[in-house]
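# Notes for the structure review
These are the residues of each chain, in order.
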Amino acid sequence: MQNRKLAFRTGAGILAVAAVIFLNQTGKLSAVKNIFIKGLSPLTNFSSDLRFFLYTRQTSAWRQTQEAKVLRLELENIKEENDKLRQVINFKEKNNIEFKGAGVKFYGQELGREFLLLDRGRNEGIKEDDLVTDENFILVGIVKETGSDFSKVEISSNPGQNFEIKVAGKDLKALAEGLGARTFNLKLVPRDADLKQGDLISLFNSGSKSILLAEVVNIKVGGGKAFLDVKAVGLGKPELLKNVFIISWPAK
Amino acid sequence: MILRKKNKIILLRPGLKIWLGIFLSLILAAILQWNWQNYFFIQTPPLVIFTILLWFWRLNLLNRFWLGALAGIILDSLYALPFGSFILLFFLLAGFIQILQAIISDAEPLLTQTLSFCLCLFLSTSLAYPAWYIIGYVEKHPVRWNGWAETTMFLSGLFWSLVLPIFFFGAIKLWRKFR
């Protein structure tokens with residue numbers, strides 16, 4: 001009798017999970033997600049305020065370091081392309097790329113993965129796979145899910161994230177693979193590449209305004225391998241952000 | 001408020017006070033986890049999942065499903081993972097704890113209970129990744145696999161599966177000793 005009850009309850013539980021997944025696919029759960037996200041706002045706001053209160057000093061020191069690195073990257077790009085520093089509006093016009101601002105409602109981490117929740121969504125034209133950067137155009141993550149007025153962002157260094165990258169100041173393209181804990185593995189870097197610790201990695205290059213991703217911290221020459229084993233550390237600090245830019249690619 | 005089962009596991013029949021306790025403990029665990037800034041051993045300790053497992057141990061199966069469903073919906077709403085992953089994960093853990101409690105009882109020494117929790121927490125970190133991939137495949141939002149990174153996450157999950165329960169139950173033992 002007990003076993004029958006247990007089997008029935010287990011079956012009911014599995015059906016409930018299947019129903020939830022089905023409803024999510026049909027889009028009917030958006031309203032439920034919205035309710036939970038709005039209902040949890042006091043908790044997420046408290047968590048954000050606590051984090052900013054605890055790490056105020058670290059934030060200002062980090063910001064100064066990031067600004068110095070971004071300036072260095074811009075200087076190297078100017079030298080490379082012999083171009084003038086562009087304003088933000090010129091960046092948009094040249095590349096036909098839109099970008100919008102959004103507020104960070106929530107930062108969370110679970111089982112090695114980090115996420116952001118933003119306060120803008122489909123209603124403001126945000127789409128999946130849009131890039132999310134901070135005010136210094138350092139890549140924070142990719143939009144993975146959008147609701148009517150929220151967006152969920154997966155941090156760029158989460159396992160499974162891959163980006164085509166370029167090393168600043170050098171004619172070197174490679175692939176950056178997220179490993180978690182703000183670390184990237186650079187793949188397809190030739191053995192004879194002119195790469196050193198401290199080199200900056202950018203996502204793509206458009207004159208003097210690049211989207212910065214990471215900094216090279218470790219280079220190993222593997223025995224007999226054709227490629228270098230390179231590790232880089234992400235420069236973004238999503239947990240300290242209050243506002244971000246979302247860069248949308250034009251529809252194909 | 002208290003049920004007794006055949007194998008002497010003390011289960012709680014949750015009234016308002018118990019649900020309030022569950023709610024407050026989960027909020028505290030979530031705030032601690034979300035503000036944890038140290039990347040010691042790759043990932044932050046899974047405090048939320050550990051707290052849920054502690055409550056699962058003291059609830060009957062139906063109430064475990066309710067708690068798992070509610071906590072799963074909240075976590076799935078906040079995180080950019082395939083929706084339903086945490087619900088599925090908590091349902092599987094609820095079933096696993098039911099099987100585990102059929103084997104062991106409260107009369108067992110604290111060490112056995114600690115090891116049971118190590119196993120449950122390890123299972124949660126191990127099951128999480130397959131749950132993401134399965135649900136992601138079903139929902140046509142596949143989660144990308146990165147063998148090296150997932151192996152590292154798996155090992156760091158194993159690390160916290162040992163450290164958290166040992167630390168928690170060690171603290172309980174010390175408290176009982178010096179009470």
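Shown above is the structure to which this text applies.
Before going into details, it helps to say that this report is about the structure given with it. (Residues numbered from 1 in each chain as written. Chains lettered and ligands numbered in written order. Predicted model: local features only at pLDDT ≥ 70, side-chain atom pairs only at ≥ 80, totals over all residues. Heavy atoms only, no water.)

## Section: unusual backbone geometry
Excluding glycine, a negative phi dihedral is what most residues carry, and trans is how most peptide bonds are arranged. All names here are of chain A. One non-glycine residue, leucine 111, adopts positive backbone phi at about 50°. Checked against the element boundaries, leucine 111 lands in the loop between strand E1 (98–110) and strand E2 (113–118). Phi at arginine 182 is positive, roughly 65°, even though this residue is not glycine. Topologically, arginine 182 is positioned in the loop between strand E7 (173–180) and strand E8 (183–187). According to the relative accessible area criterion, arginine 182 is buried, its value standing at 8%. (Helix = DSSP H or I, 4+ residues; strand = E, 2+ residues; numbered from the N terminus. Buried < 20%, exposed > 50% of the residue type's maximum accessible area, 1.4 Å probe, protein only.)

## Regarding the interface of chain A and chain B
Between chain A and chain B, the residue contacts involve 51 residues of the former and 49 residues of the latter. The three residues of chain A that bury the most area against chain B are Gln109, Glu110 and Leu111 of chain A, which together make up 18% of that side's buried surface. One can count zero salt bridges joining chain A with chain B. At the boundary of chain A and chain B, one finds nine residue pairs in polar contact (both at pLDDT 80 or more). (Contact = heavy atoms within 4.5 Å. Buried area = accessible area lost by both parts, 1.4 Å probe. Salt bridge = Lys/Arg side-chain N within 4 Å of Asp/Glu carboxyl O. Polar contact = N/O pair within 3.5 Å; in protein donor to acceptor, adjacent residues only side chain to side chain.)

## As for a nonpolar patch on the surface
Taken together, Phe154, Leu155, Leu158, Leu162, Val163, Ile166 and Phe167 of chain B make up a surface patch of nonpolar side chains, about 620 Å² in accessible area. Tracing the backbone shows phenylalanine 167 of chain B in helix H6 (residues 147–178). (Patch = residues over 30% accessible without salt bridge, like charges linked within 9 Å, V, L, I, M, F, W, Y side chains within 5 Å. Areas by Shrake-Rupley, 256 points an atom, 1.4 Å probe, with all protein chains shown as cover.)

## Points about the environment of serine 151 of chain A
All names here are of chain A. In this fold, serine 151 is placed in strand E5 (residues 151–155). Owing to a relative accessible area of 0%, serine 151 belongs among the buried residues under this scheme. Along the backbone, serine 151 and leucine 175 are 24 residues apart, and their C-alpha atoms lie at a distance of 26 Å. Aside from chain neighbours lying at most four places away, what touches serine 151 is Leu116, Leu117, Leu118, Arg120, Gly121, Ile126, Val143, Glu145 and Thr146. From its side chain, serine 151 meets the backbone oxygen of arginine 120 in a polar contact 2.4 Å long.

## Topic: helix H5 (residues 110–138) of chain B
Helix length check: H5 of chain B (29 residues) gives 41 Å between terminal C-alpha atoms against 42 Å at 1.5 Å per residue, within 8%. At leucine 127 of chain B, H5 of chain B shows its maximal bend, which comes to roughly 25°, and the proline proline 130 of chain B appears one to four places after that position. (Expected span 1.5 Å × (residues − 1). Bend = angle between axes of the 7 residues up to and from the residue.)

## What about the nonpolar core?
Counting residues in hydrophobic clusters, the biggest one holds 63 residues, and the most contacted among them are Ile49, Leu53, Phe56, Tyr79, Phe86 and Phe90 of chain B. When contributions to this core are tallied by element, the ones reaching two or more residues are helix H1 (2–26) and E2 of chain A together with helix H1 (16–34), helix H2 (47–58), helix H3 (61–78), helix H4 (85–103), H5 and H6 of chain B. Once residues lying within four places of it in the same chain are set aside, the contact partners of phenylalanine 56 of chain B are Arg64, Leu67, Gly68, Phe90, Leu93, Ala94 and Ile97 of chain B. Counting 25 residues, the second largest nonpolar core, distinct from the first, contains Leu139, Ala174, Leu186 and Ile211 of chain A. (Core = buried A, V, L, I, M, F, W, Y, C linked by side-chain atoms within 4.5 Å.)

## A short note on the packing of H2 of chain B against H3 of chain B
Residue and element names in this part refer to chain B. Direction vectors running N to C along H2 and H3 enclose 165°, while the axes themselves pass 10 Å from each other. Judged by the angle between their axes, H2 and H3 are roughly antiparallel. Between H2 and H3 lies a crossing whose hand is right-handed. Contacts from Val48, Ile52, Trp55 and Phe56 in H2 reach Arg64, Leu67, Gly68, Ala71 and Leu75 in H3. In terms of residue class, the contact of H2 with H3 is made up of seven nonpolar, one polar and one charged. (Axes fitted to C-alpha atoms, helices over the stretch in contact; angles between N-to-C directions. Parallel < 35°, antiparallel > 145°, perpendicular 65-115°, else oblique. Left-handed = near helix turned anticlockwise from the far one by under 90°. Nonpolar A, V, L, I, M, F, W, Y, C, P; charged D, E, K, R; others polar.)

## Some details on the sheet that holds strand E10 (residues 212–220) of chain A
All names here are of chain A. The strand order around the closed barrel formed by six strands is E6-E7-E8-E11-E10-E9, and the pairing between neighbours is antiparallel. Strand-to-strand twist in this sheet, taken as the mean axis angle between neighbours without regard to direction, amounts to 45°. Two elements, strand E6 (residues 162–167) and strand E9 (residues 200–202), share two bridges in a ladder whose sense is antiparallel. The residue bridging lysine 166 from the neighbouring strand is serine 202, located in E9. (Pairing = 2+ DSSP bridges.)

## Topic: the packing of helix H3 (residues 41–54) of chain A against H1 of chain B
Put simply, H3 of chain A and H1 of chain B touch, their axes get as near as 10 Å, and they point 40° apart. With respect to H1 of chain B, the element H3 of chain A is oriented oblique. The two elements H3 of chain A and H1 of chain B cross, and the hand of that crossing is right-handed. Residues Leu43, Phe46, Ser47, Leu50 and Arg51 of chain A of H3 of chain A form the contact with H1 of chain B, whose own contacting residues are Ile27, Ile31 and Trp34 of chain B. Across the contact of H3 of chain A with H1 of chain B, the residue classes break down as six nonpolar, one polar and one charged.

## Details of the pattern of salt bridges
Residues and elements named next belong to chain A. Counted according to the given criterion, the structure contains eleven salt bridges over all chains. The residue glutamate 145 makes a salt bridge to lysine 152 at a minimum N-O spacing of 3.5 Å. There is no split in this pair, since glutamate 145 and lysine 152 are both buried. In this structure, glutamate 177 and lysine 187 form a salt bridge, with 3.2 Å as the shortest nitrogen-oxygen distance. Here glutamate 177 is found in strand E7, whereas its partner lysine 187 is found in strand E8, with ten residues between them in sequence. Each of Lys33, Glu145 and Lys152 takes part in salt bridges that share partners, so that together they form one network.

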